[in-house]
Amino acid sequence: MSTFDDLDAFAATRRCAGLALSPDGSRLVSTVSELAADGKKYGTSLWELDPAGERAPRRLTRSSTGESSAAFTPDGDLLFTSRRADPAAEKPTEDRTGLWLLPAGGGEARPVAERPGGVSGFAVARDAGTLALVTPKPVVGDAEEQREARETAGVSARLHTEFPVRFWDHDLGPGRAHLQRCAPPDPADPDAGYGEPEHVAPGRDERLGGSAISPDGRTVAVVVDVPDPADPASWRRRLELHTDGDDGAGTVVVGDEPGADHEAPTITPDGRWLLWVRERHPRPGRGMAHTLKARSLVDGAERDVLPEEAWQVRGVTGAPAGDVVYVVVDELGHGPVLRVSITDGSVTRLTATGTYTDVVAAADGSALYALRSAVDAPPTPVRLDPAAADQQPVALRGVTTIDPLPGTLTEVHATAADGTPLRSWLVLPGGASAATSAPLVLWIHGGPLSSWNAWSWRWNPWLMAARGWAVLLPDPRLSTGYGQEFLDPATGAWGDLPYTDLMTATDATLARDDVDATRVAAMGGSFGGYMANWIAGHTDRFAAIVTHASIWHLDGFVGTTDASFHWRREWGDPLDERDRYDAHSPHRHIKAITTPTLVIHGDKDYRVPISEGLRLWYDLQRSGVESQFLYFPDENHWVLQPGDAKLWYRTVWAFLDHHVLGAAYERPALV
């Protein structure tokens, strides 16, 4: 049995996420998730990797609550967040996240910043060691008193006065994120923590997004969500600079405008530039677009580094010296690293293949480090030359070990009816040929502003290939990495070009002699689930449909999702744009559906609420469509717990084996 034949082995594989590099470049640290001892959940720990690629990885932390969010201080100490209890506390608790420090010279980790509501994020100044700390703050009263009073009274209710009330899979409130700046610990005191917090923008009731702190610790860039006066119950993101100097405190609004968000701030290691992403809001017929912007922290001059509509920006890392920034973008099924000049916008593509995340730069400018993945390769730490074009990275020794893939990866190219080129990845199982053609599953990505360009532990096509399936991973209209013209026509019109693109890609794949055109299924999650529902109502060419966390009633979804205002921008107000909602809502085609359908949904999914799955299931049942409903009471949009994730695959396989391959149906155990 291999990693891909055995779900237990696949679930037990260690997974790497995030990188932090020490100031002297000698230590590279990553967060690693793996199965807990009971096999019922994943735990996280910090591991040290060798930047030279010679030494084997070694574990740095181990606790029942886990550790994450690694970052180094200027002295080389390692900071991280954990819910572990402070052993020196009079009443140790594990109910809130604190900031811990692991000394560079050895010794045990100790807590250095604890707050009544916990720590939700932090950044450390490269030179000064000053801390920018994000903590929850109650709307009224003292956080500790309020928490204890609610627990004593048995109260879980939250009173909201503004939208939204929840996010992805958790409830918001009854508080707001609060940004604090703290002086570094006294190096002469081995037990010292960070100094008393100084509130950034005191007196404000902030709704914070991302933040960044300058190397000298005096300037903090922060994203603040502010009401949009032109769009009730909507928010846009404003970028602010808060600077403390000898002449007093100063605040500058860097970006704030109707129709756009200003977010993802980065301050370069030399402290000379603030960079951020301006994201244009979508509207019908005009998709979201990114502009990479820069502001000189010397003279305040601003410029566009990458113009609007040039790229979808996924990550920004400043170079240690010089007017250079490293940017990760989506491009043609990959996620390359670009070296970009801040002053003239010139671009050098550093990587040829693969998708990169968590890019960090050595302080001496000698190297970049990142996690590289691809559809056929899990995230692996690599080293890059900071200037060489189209290079192959040097793989470092990581913690993830998998068996050889049970097949091969190739590309399928097609042309849409309007002449637009379309590309897809095709996973072929081992042994697929004209003599032994493989059944095909069309697997549609979520988003919709996404693409099949990286490894996925949760939606993994190689588990299907190990069972003999070919898997088509198409990038239809609305996929990123193909230019703005690939987004605009389908924005607010999901049922048009994305559907015909998917059918065109499927036709091109089924023309191959190693794929069996008589045994075909379609499946997808989130936006992919929407498309699976749309496909079910517009063709009977597929033998089975699997629809996960899917949108069924478009108006109902837009009114109940956690970020309703985003989707209302794209689709318009349902009271004013009734025809558009009706034209693109899958539920209006229920009477045309005859394909056996497996519906999957988690009750903690606040992005696509459970009401969508319940309504879809009811409509299929009342219409007499052969269907099943796999319901997860405690899961969110993705279904993440190892036992539930394994059951997800087993249920999907049983459904497809029966309806596509003609096998006798065997109900999965435990459900």
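Colleague: Help me understand the overall build of the protein chain in this model?
Modeller: When you go through the protein chain residue by residue, the secondary structure sums to 10 helices and 38 strands. Scaling as 2.2 N^0.38, a compact globule of 671 residues should have a C-alpha radius of gyration of about 26 Å, and the protein chain matches this with 25 Å. Here the protein chain, with 671 residues, has 54% of them falling under the buried criterion. Put simply, 56% of the contacts in the protein chain that link residues at least 6 apart link residues at least 24 apart. Of the charged side chains in the protein chain, 63 are positive and 93 negative, and the gap between their average positions amounts to 2 Å.

Colleague: So what exactly am I meant to see when it comes to the sheet that holds strand β6 (residues 78-82) here?
Modeller: Here four strands make up an open sheet; going across it, the order is β5-β6-β7-β8 and the pairing antiparallel. Among the strands making up the open sheet, the edge pair consists of β5 (67-72) and β8 (110-113). Sheet twist, expressed as the average angle between the axes of neighbouring strands with direction ignored, equals 35°. By the bridge criterion, three bridges tie strand β7 (residues 98-102) to β8 in an arrangement that is antiparallel. Residue Trp100 lies in a different strand from β8, and its bridge partner there is Pro111.

Colleague: What's the story with helix α7 (residues 564-571) in this structure? I'm lost.
Modeller: Note that an α-helix has 3.6 residues per turn; residues three or four places apart therefore point the same way. Most of α7 is tucked away: six of the eight residues are buried. The complete set of buried residues in α7 reads Ser564, Phe565, Trp567, Arg569, Glu570 and Trp571. A positive backbone phi angle near 90° is found at Gly572, which sits one or two residues after α7.

Colleague: I would appreciate a short explanation of the side chain of Ser22 in the present structure.
Modeller: Counting through the fold element by element, Ser22 comes out in the loop between β1 (15-21) and β2 (28-35). Here the side chain of Ser22 touches Ser26 through a polar contact of 3.2 Å, landing on its backbone nitrogen.

Colleague: What is the right way to look at the pattern of salt bridges in this model?
Modeller: A side chain with one charge can pair with a side chain of the opposite charge if their charged atoms come near. According to the stated counting rule, one finds 42 salt bridges in the structure shown. The closest approach of N and O atoms between Arg55 and Glu48, which form a salt bridge, is 3.9 Å. Residue classification places Glu48 among the buried residues on the basis of a relative accessible area of 7%. Ionic contacts of the salt-bridge type, sharing partners, join the residues Arg27, Glu48, Asp50, Arg55 and Arg58 into one network.

Colleague: It is not clear to me how the environment of Asp385 should be interpreted in this structure. Could you clarify?
Modeller: With respect to the helices and strands, the residue Asp385 is situated in the loop between β29 (377-384) and β30 (394-395). Using a relative accessible area of 39% as the deciding quantity, one classes Asp385 as partly exposed. Put simply, Asp385 and Gly335 are 50 residues apart on the chain and 17 Å apart in space, counted from C-alpha to C-alpha. If we ignore the near neighbours within four places in the chain, the residues touching Asp385 are Leu350 and Gln391. At 2.8 Å, the side chain of Asp385 forms a polar contact with the backbone nitrogen of Ala387.

Colleague: Please explain the nonpolar core as it appears in this structure.
Modeller: Side chains of a nonpolar character, in soluble globular proteins, are inclined to be buried together. The biggest cluster of nonpolar side chains holds 44 residues, and the ones touching the most others in it are Leu440, Leu442, Trp494, Met531, Ile535 and Phe542. For this core, the element with the highest residue contribution is helix α5 (residues 527-536), accounting for seven residues. The contact partners of Ile535, leaving out residues within four places of it in the chain, are Leu442, Ile444, Tyr499, Leu502, Met503, Phe542 and Ile545. Formed by 35 residues, the second largest nonpolar core is a distinct cluster that contains Val427, Met464, Trp469 and Phe655.

Colleague: What is the right way to look at the packing of aromatic side chains in this model?
Modeller: Remark: the centre distance and the inter-plane angle together describe each pair of aromatic rings, the angle taken between the planes. Within this structure, the stated rule accounts for 22 aromatic pairs. A ring pair is formed by Phe4 and Trp455, whose centres lie 6.3 Å apart and whose planes are at 65°; its orientation type is edge-to-face. Taken together, the positions of Phe4 in the segment before α1 (7-11) and Trp455 in the loop between β33 (438-444) and α3 (461-465) put the pair 451 residues apart, joining distant regions of the chain. Of the two residues, Phe4 and Trp455, neither departs from the other in class, the shared state being buried.

Colleague: Looking at this structure, I do not really get the sheet that holds strand β21 (residues 289-296). What am I missing?
Modeller: Hydrogen bonds between backbone atoms are what pair the strands of a sheet, whose relative direction is either parallel or antiparallel. Judged by pairing direction, the sheet is antiparallel, and its four strands sit side by side in the order β19-β20-β21-β22 without closing on themselves. Every other strand in the sheet has two partners, leaving β19 (260-267) and β22 (302-306) as the edge strands with one partner each. Neighbour-to-neighbour, the strand axes of this sheet turn through a mean angle of 30°, independent of strand direction. Relative to β21, strand β20 (residues 273-280) is paired through eight bridges, and the arrangement is antiparallel. From the neighbouring strand, Glu279 faces β21, where its bridge partner is His290.

Colleague: Can you help me understand unusual backbone geometry in this one?
Modeller: Trans peptide bonds make up the majority, and among non-glycine residues the majority have a negative phi. At the junction of Phe163 and Pro164, the peptide bond is cis and its omega measures out at 0° in the coordinates. Omega for the peptide link from Gly447 to Pro448 comes to 0°, which places this bond in the cis form. Not every positive phi belongs to a glycine, and Glu309 is a case in point at roughly 80°. Note on placement: Glu309 falls in the loop between β22 and β23 (313-318). Positive phi, close to 45°, is recorded for Ala549, a residue that is not glycine. Relative to the assigned elements, Ala549 resides in the loop between β36 (544-548) and α6 (554-560). With relative accessibility at 1%, the residue Ala549 sits in the buried group.

Colleague: Mind showing me how you'd approach the packing of helix α4 (residues 497-510) against α5 here?
Modeller: Angle between the axes and distance between the axes: these two values describe a pair of packed helices. Where α4 contacts α5, the two axes come as close as 11 Å, and the packing angle between them is 80°. Our classification of the angle between α4 and α5 gives roughly perpendicular. Residues Pro498, Tyr499, Leu502 and Met503 of α4 touch α5, and the partners they reach there are Phe527, Met531, Trp534 and Ile535. Grouping the amino acids of the contact of α4 with α5 by side-chain chemistry returns eight nonpolar, no polar and no charged.

Colleague: Honestly, helix α9 (residues 610-622) in this entry has me stumped. Any pointers?
Modeller: Across its 13 residues, α9 extends 18 Å between first and last C-alpha, which sits within 8% of the 18 Å expected from 1.5 Å per residue. Burial in α9 covers these residues: Ile610, Glu612, Gly613, Leu616, Asp619 and Leu620. Looking one or two residues beyond α9, the residue adopting positive phi is Gly624, at roughly 75°.

Calculation criteria
Sequence order as written defines residue numbering, which begins from 1 separately in each chain. The predicted nature of this model means local features are confined to residues of pLDDT at least 70 and side-chain atom pairs, given and counted, to a pLDDT of 80 or more, with totals for whole chains, interfaces and linings taken over all residues. Each side-chain value is worked out from all heavy atoms of the structure, with water and hydrogens disregarded. Helix numbering and strand numbering both begin at the N terminus, where a helix is a DSSP run of H or I of at least 4 residues and a strand a DSSP run of E of at least 2. Atoms counted for the radius of gyration: C-alpha only. Globule rule: 2.2 Å times the number of residues to the power 0.38. Per-residue accessibility, obtained with a 1.4 Å probe over protein chains only, is compared with the maximum for each type, and a residue is labelled buried under 20%, exposed over 50%, and partly exposed between these values. Only heavy atoms matter for contacts: two residues are in contact if any of them lie within 4.5 Å across the pair. The charge count treats Lys and Arg as positive and Asp and Glu as negative. His and the chain ends do not count. Think of each charge as sitting on NZ of Lys, CZ of Arg, CG of Asp or CD of Glu. A strand pair is defined by DSSP finding two or more bridges across the two strands. Interaxial angles span 0 to 180 degrees and are taken between N-to-C directions of axes, which are lines fitted to C-alpha atoms, for helices over the stretch in contact. The definition of a polar contact used here is a pair of N or O atoms within 3.5 Å, where within protein one atom must be able to donate a hydrogen and the other to accept one, and adjacent residues in sequence count solely through side-chain atom pairs. Throughout this description, the term salt bridge denotes a Lys or Arg side-chain nitrogen within 4 Å of a carboxyl oxygen of Asp or Glu. Nonpolar cores were defined as sets of buried Ala, Val, Leu, Ile, Met, Phe, Trp, Tyr and Cys residues, with membership established by side-chain atoms within 4.5 Å. Under the pairing criterion, centres of Phe, Tyr and Trp rings, with the six-membered ring standing for Trp, must be within 6.5 Å; the plane angle then separates stacked pairs below 30 degrees from edge-to-face pairs above 60, leaving the rest tilted. Should an angle fall under 35 degrees it is called roughly parallel, over 145 degrees roughly antiparallel, and 65 to 115 degrees roughly perpendicular, with every other angle called oblique. Polarity classes work like this: nonpolar for Ala, Val, Leu, Ile, Met, Phe, Trp, Tyr, Cys and Pro, charged for Asp, Glu, Lys and Arg, and polar for all others, with Gly in that last group. By definition here, a helix of n residues has an expected span of 1.5 Å times n minus one.

Keep in mind that these numbers describe shape and distance, not what the molecule does.
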